[in-house]
Amino acid sequence: MRKKRMMNRFLSLAVLSATVWLGCAQEQVGGDEGGLRDQAETDVPGLPADRGFSQPEGVAFWNDRVFVTNANFAYQGAYLAYGEGFLTVVDASEAVVLNMIGLPFENPQEAVVSGDRLWVLCSGLTSFDGEVRPVTSGGLCAFDLDGIDTAVSPSVVIPLPNLEGTLVGYPSGIVVKDGLAWVGSGTVAALFVVDLESGTVVRGASNPVFLGPGDVQNTTVVSPGPDGLLMVGLFNDDKVLLLDPVGWSVVDEPWGPIVVGQTGLLDGLLDIEFDGTTTYLLMALANQVLSFDTAAGPAAGVRKLARNMLTPNRMKVLDGNLYVVNSGSNSLSVVDTVTGDVRTLALPVNCSPWDLALEPSARGVTAWVSCLKLNRLVAVDTTDGSLREVE
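I will try to describe carefully the structure that is included in this document. (Residues numbered from 1 in each chain as written. Predicted model: local features only at pLDDT ≥ 70, side-chain atom pairs only at ≥ 80, totals over all residues. Heavy atoms only, no water.)

1. Examining the overall build of the protein chain
At step 1: The helix and strand inventory of the protein chain stands at two helices and 34 strands.
At step 2: Relative to its full complement of 391 residues, the protein chain shows a buried share of 59%.
At step 3: Put simply, of all contacts in the protein chain between residues at least 6 apart along the chain, 49% involve residues at least 24 apart.
At step 4: Put simply, the protein chain shows about 14500 Å² of open surface, and 48% of that area lies on carbon and sulfur atoms. (Helix = DSSP H or I, 4+ residues; strand = E, 2+ residues; numbered from the N terminus. Buried < 20%, exposed > 50% of the residue type's maximum accessible area, 1.4 Å probe, protein only. Contact = heavy atoms within 4.5 Å. Areas by Shrake-Rupley, 256 points an atom, 1.4 Å probe, with all protein chains shown as cover.)

2. Observations regarding the sheet that holds strand β7 (residues 108-114)
Hydrogen bonds between backbone groups are what pair the strands of a sheet, and the pairing can be parallel or antiparallel.
At step 1: Judged by pairing direction, the sheet is antiparallel, and its four strands sit side by side in the order β7-β8-β11-β12 without closing on themselves. With partners counted over all chains shown, the strands left at the sheet margins are β7 and β12 (156-160), one partner each. Geometrically, the sheet is characterised by an average inter-axis angle of 20° between neighbouring strands, direction not taken into account. (Pairing = 2+ DSSP bridges. Axes fitted to C-alpha atoms, helices over the stretch in contact; angles between N-to-C directions.)

3. Quick look at unusual backbone geometry
Apart from glycine, the bulk of residues carry a negative phi angle, and the bulk of peptide bonds sit in the trans form.
At step 1: Between E253 and the following residue, P254, the backbone shows a cis peptide bond with an omega angle of 5°.
At step 2: Here T311, not a glycine, exhibits a phi torsion of approximately 55°, which is positive.
At step 3: With respect to the helices and strands, the residue T311 is situated in the loop between β26 (303-306) and β27 (312-318).

4. Observations regarding the pattern of salt bridges
At step 1: This structure, assessed with the given rule, holds 13 salt bridges.
At step 2: For R314, the salt bridge is made with D355, and the minimal N-O distance between the two is 3.8 Å. In this pair, R314 is assigned in strand β27 and D355 in strand β31 (residues 353-361), connecting sequence segments 41 residues apart.
At step 3: For D355, a relative accessible area of 3% translates into the label buried.
At step 4: A network of salt bridges, in which partner residues are shared, links D64, R65, D91 and D149. (Salt bridge = Lys/Arg side-chain N within 4 Å of Asp/Glu carboxyl O.)

5. What to know about the sheet that holds β27
At step 1: Strand order across the open sheet formed by four strands is β27-β28-β29-β30, with antiparallel pairing between neighbours. On the outer flanks of this sheet lie β27 and β30 (342-346), each paired with one strand and no other. In this sheet, adjacent strand axes meet at a mean angle of 20° when their direction is disregarded.
At step 2: Examined bridge by bridge, strand β28 (residues 321-326) and strand β29 (residues 331-336) share six bridges and lie antiparallel to one another. Considered in β29, the bridge of N326 is made with S331.

6. Regarding the packing of aromatic side chains
Aromatic rings considered in pairs are described by the distance between their centres and by the relative angle of their planes.
At step 1: Tallying each qualifying case throughout the model produces three aromatic pairs.
At step 2: Relative to W248, the ring of W182 has its centre 5.7 Å away and its plane inclined at 45°; by these criteria the two rings are tilted. Of this pair, W182 sits in strand β14 (residues 180-185) while W248 sits in the loop between β20 (239-244) and β21 (249-250); the two residues are 66 residues apart in sequence, bridging distant segments of the chain.
At step 3: We classify W182 as buried; its relative accessible area is 1%.
At step 4: The aromatic ring of W248 is capped on one face by R203, whose charged end is 5.2 Å from the ring centroid. (Phe/Tyr/Trp six-rings, centres within 6.5 Å; stacked < 30°, edge-to-face > 60°. Lys NZ or Arg CZ within 6 Å of the ring centre and 35° of its normal.)

7. What about the nonpolar core?
At step 1: In terms of nonpolar packing, the biggest core is built from 19 residues, with W119, L140, I174, A181 and V194 touching the most fellow members.
At step 2: Counting only elements with at least two residues in this core, the list comes to β8 (117-122), β11 (138-144), β12, β14 and β15 (190-195).
At step 3: Those residues in contact with L140 that lie beyond four places of it in its chain are F105, W119, V120, L121, V156, V157, I158, L160, I174, A181, V194 and L196. (Core = buried A, V, L, I, M, F, W, Y, C linked by side-chain atoms within 4.5 Å.)

8. Concerning the environment of D271
At step 1: Secondary-structure assignment places D271 in strand β23 (residues 269-274).
At step 2: The class for D271 is buried, based on a relative accessible area of 13%.
At step 3: The spacing of D271 and V289 is 18 residues in sequence and 9.5 Å in space, taken between C-alpha atoms.
At step 4: Ignoring anything within four residues of it in the chain, the contact list for D271 reads Y280, L281, L282, R314 and M315.
At step 5: One polar contact links the side chain of D271 to the main-chain amide nitrogen of M315, over a distance of 3.0 Å. (Polar contact = N/O pair within 3.5 Å; in protein donor to acceptor, adjacent residues only side chain to side chain.)

9. Thoughts on the state of the cysteines
At step 1: Enumeration over the complete set of coordinates arrives at one disulfide.
At step 2: With its sulfur 2.1 Å from that of its partner, C351 forms a disulfide with C371. As the torsion about the S-S bond is roughly -90°, the C351-C371 disulfide counts as left-handed. One end of the pair, C351, is in the loop between β30 and β31; the other, C371, is in strand β32 (residues 364-371), and 20 residues separate them in sequence. As far as the burial class goes, C351 and C371 line up, both buried.
At step 3: Free cysteine: C122, not disulfide-bonded; nearest cysteine sulfur from C141 at 4.6 Å.
At step 4: Residue C141 is classed as buried on the basis of its relative accessible area, which comes to 0%. (Disulfide = S-S within 2.5 Å.)

This is the structure in structure tokens:
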């Protein structure tokens, strides 16, 4: 892994604050490179009284509602101090905050709708002593969508403890499939599995699905894949692979594990999207998006679909377009997946976008983007680039 000082030169606050593949701790940013000095130190530990967001990260859209997870940290000297994480519920039509709900675990990063529930994944905190290690437990929290506008607490809480004294823990990515949550570790090459119906942790930190050595730093990203399989990426290895969710094992058909990064470099596979035919790989450190025919696999050819981005964080694919938030340039890229043509839409200055969710409609696609540094949610009309801000 590259040294923290080198990383800080070109990685944004959005990547530094809550993603551990850097090899630098969330709590030890150091200096002013993260841009946190303008955050109110009095914001921690409670929910803010004067706004609806505090370091917003994960975003999900459902039925005229936008759900946003808030890590709620503040810069204090050389450290990030974390307060109570919370969920914000937004009325999409009116662009107003309807509810703010405290969470029982620290550092909520992801939100996903499955059936009649919203699931929020909290990662917990880490420390850094040459390696990033989980310190506090993460967990999953469920909210019934019917009544979420007025909910005061989760309806289901499932702790995800780390394995003390090891790198195993820090749940930081989620895919729900057939009633199971597949959760990627942010600190090693491993997946955790949770039965959402029973609330049972099937494969936790003590017995995860390892995809690499359990004592070597890595970050695991997970996505739906072809033919009922899961697609998994390993950040530090620039590797993509297919996993059988029934047999809990890596498969070699239709293709086996393969490195997709540039030889001798760490490109940083940070996100995966699959549209049913084509797979898209966000290479965060290489500032580009790759694509390949999913049936044929990467060995048949990998295309550099979009280049020259600046610290891309997350992406979503919809109807022939790939939407990518770039925290380094405060922008949203709309990439034509056939031609590779890119339209760049400006976001507010100092937004530092973290995640996005897409709202399709007859008038076009609205991208709901979390602005980590500005403590806002922004609705981007991807047809004309106009913005609506929610605070």
